[in-house]
Number of protein chains: 2
Amino acid sequence: MEHRQPLDRVARIQADWRRERPDVDTSPQGVIGRLHRLAGRLTEELCRVYGRYDLNEGEFDVLCALRRVGEPYERAPGELAAHTMVTTGAMTKRIDRLERAGLVTRRRSDDDQRGRIVALTGPGRELIDQAFTDHMRNERHLLNLLTPVEAETLEALLTTWLSRLEDPRPPRHE
Amino acid sequence: MEHRQPLDRVARIQADWRRERPDVDTSPQGVIGRLHRLAGRLTEELCRVYGRYDLNEGEFDVLCALRRVGEPYERAPGELAAHTMVTTGAMTKRIDRLERAGLVTRRRSDDDQRGRIVALTGPGRELIDQAFTDHMRNERHLLNLLTPVEAETLEALLTTWLSRLEDPRPPRHE
DNA sequence: TATATTTGTCTTCCATGGAAGCTAATGCGC
DNA sequence: GCGCATTAGCTTCCATGGAAGACAAATATA
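What counts, and where the lines are drawn
Residues numbered from 1 in each chain as written. Chains lettered and ligands numbered in written order. Predicted model: local features only at pLDDT ≥ 70, side-chain atom pairs only at ≥ 80, totals over all residues. Heavy atoms only, no water. Contact = heavy atoms within 4.5 Å. Buried area = accessible area lost by both parts, 1.4 Å probe. Salt bridge = Lys/Arg side-chain N within 4 Å of Asp/Glu carboxyl O. Polar contact = N/O pair within 3.5 Å; in protein donor to acceptor, adjacent residues only side chain to side chain. Helix = DSSP H or I, 4+ residues; strand = E, 2+ residues; numbered from the N terminus. Nonpolar A, V, L, I, M, F, W, Y, C, P; charged D, E, K, R; others polar. Near = heavy atom within 4 Å. Buried < 20%, exposed > 50% of the residue type's maximum accessible area, 1.4 Å probe, protein only.

Here's the deal with the interface of chain B and chain A
Counting residues at the interface gives 69 residues for chain B and 70 residues for chain A. Summed over both sides, the interface of chain B with chain A buries roughly 7,100 Å², with 67% coming from carbon and sulfur. Taken together, the connections running from chain B to chain A amount to 16 salt bridges. Between R37 of chain A and E166 of chain B there is a salt bridge whose closest N-O contact spans 3.9 Å. Taken together, the links from chain B to chain A amount to 27 residue pairs in polar contact (both at pLDDT 80 or more). Broken down by element, the residue count for the side of chain B that touches chain A peaks at 15 residues, all from helix α2 (residues 28-52) of chain B. For the side of chain B that touches chain A, a count of residues per class yields 31 nonpolar, 16 polar and 22 charged.

Pasting the structure below:
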């Protein structure tokens, strides 16, 4: 135990629970609580970069999904919804905003008259190319708070946990 | 490189970017992308438990903040807002819902007529005690997807990154 | 003490997203 | 080819939270 380190927020919460509910083991919060806290803080930092381009997180995600599919930077709304993990209703609204901003266009699909095709415009392409470059530079700075070894270890652990969480056949321990 | 492992979502996104933007190093996404994905998946799992008690995440957080302060389980709305990291406006609405559900009461403070005091009711206390026990059991199961050593290493890395992120004097590398 | 500033909570308005249902187009089974 | 289930996108309604301002009470200042 490091006595010179002030307790962080999560450690203080754990201390409260130890006093109030000594019957409950709150040690998992040490990992899960900090993971959420860290995710939240990182999101804040990332959103600052999106804001420089007048984008919010959702809009940035949609533009990325269109850009990384490659020429001619087109995708159906349903695909975009799946890639960015929102409902199609939410996607309709995001596309509305991006269309209004002139960053994407929306047209009917030729082979399926129900379907639409969302495409990056020239300005949309330019904007996301610049924003993405900036975004990755930002992520790099944030990640550089860890040593290369720390970062590598962390990535491996996150990948492991994630894969076990998705994996149907469950736990390894206890 | 593990060739038998199918690429996960983040790895596929990185592969797309390598093709489309070979000029940009997207390796930070390996950590940051997976961290966010994992946080999202864990939140889903946690919310399932909250749902069993007819609570959403915000309400659960407020009840926890009241419970872990100890007897008589009272706190000012502003304090609750600070602890749960939302604005006081959002807190007003959360308290409205919890009050309507009979889980908390709201009264005027004696020494400061502007202030209110939110207190757990008996049923609120019972509910959160049970929900929290269940919640920690759930977190334990999720964490048991990692070995004890993995969990310990992960906690240390998250704590390190978080503290460096909050720390005013910045980076260690590059 | 009278006035100004600050503080704590609440209110209003807006942004965003989910759930569920609507509409039109597709395509399957007969 | 005709009906019926399915599909894609959109619309409507609702839940939640932030931003900013209103309001009343407390505190500081003259």
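Focus on the protein's contact with DNA strand C
Around DNA strand C lies a shell of 22 residues, among which N56, K93 and R94 of chain A together with G78 and R114 of chain B are the nearest. Between DNA strand C and the protein, one listed contact pairs a phosphate oxygen with a side-chain N or O atom of N56 of chain A at 2.8 Å. In this structure, a phosphate oxygen belonging to DNA strand C sits 2.8 Å away from a main-chain N or O atom of G78 of chain B. Mapped by element, the contributors of at least two residues to the surface near DNA strand C are α5 (88-100) of chain A together with α4 (77-84) and α5 (88-100) of chain B.

Description of the pattern of salt bridges
Inspection of every chain in the model, using the stated rule, returns 50 salt bridges over all chains. Put simply, R97 of chain A and E59 of chain A hold a salt bridge, and the shortest N to O gap is 2.8 Å. Linking R97 of chain A in helix α5 with E59 of chain A in helix α3 (residues 57-68), this pair joins segments that are 38 residues apart in sequence. Overall, R97 of chain A belongs to the partly exposed group, its relative accessible area being 32%. Across the pair R125 of chain B and D129 of chain B runs a salt bridge whose closest N-O atoms are separated by 2.7 Å. With R125 of chain B and D129 of chain B both in helix α6 (residues 122-143) and four residues apart, this pair spans about one turn of that helix.

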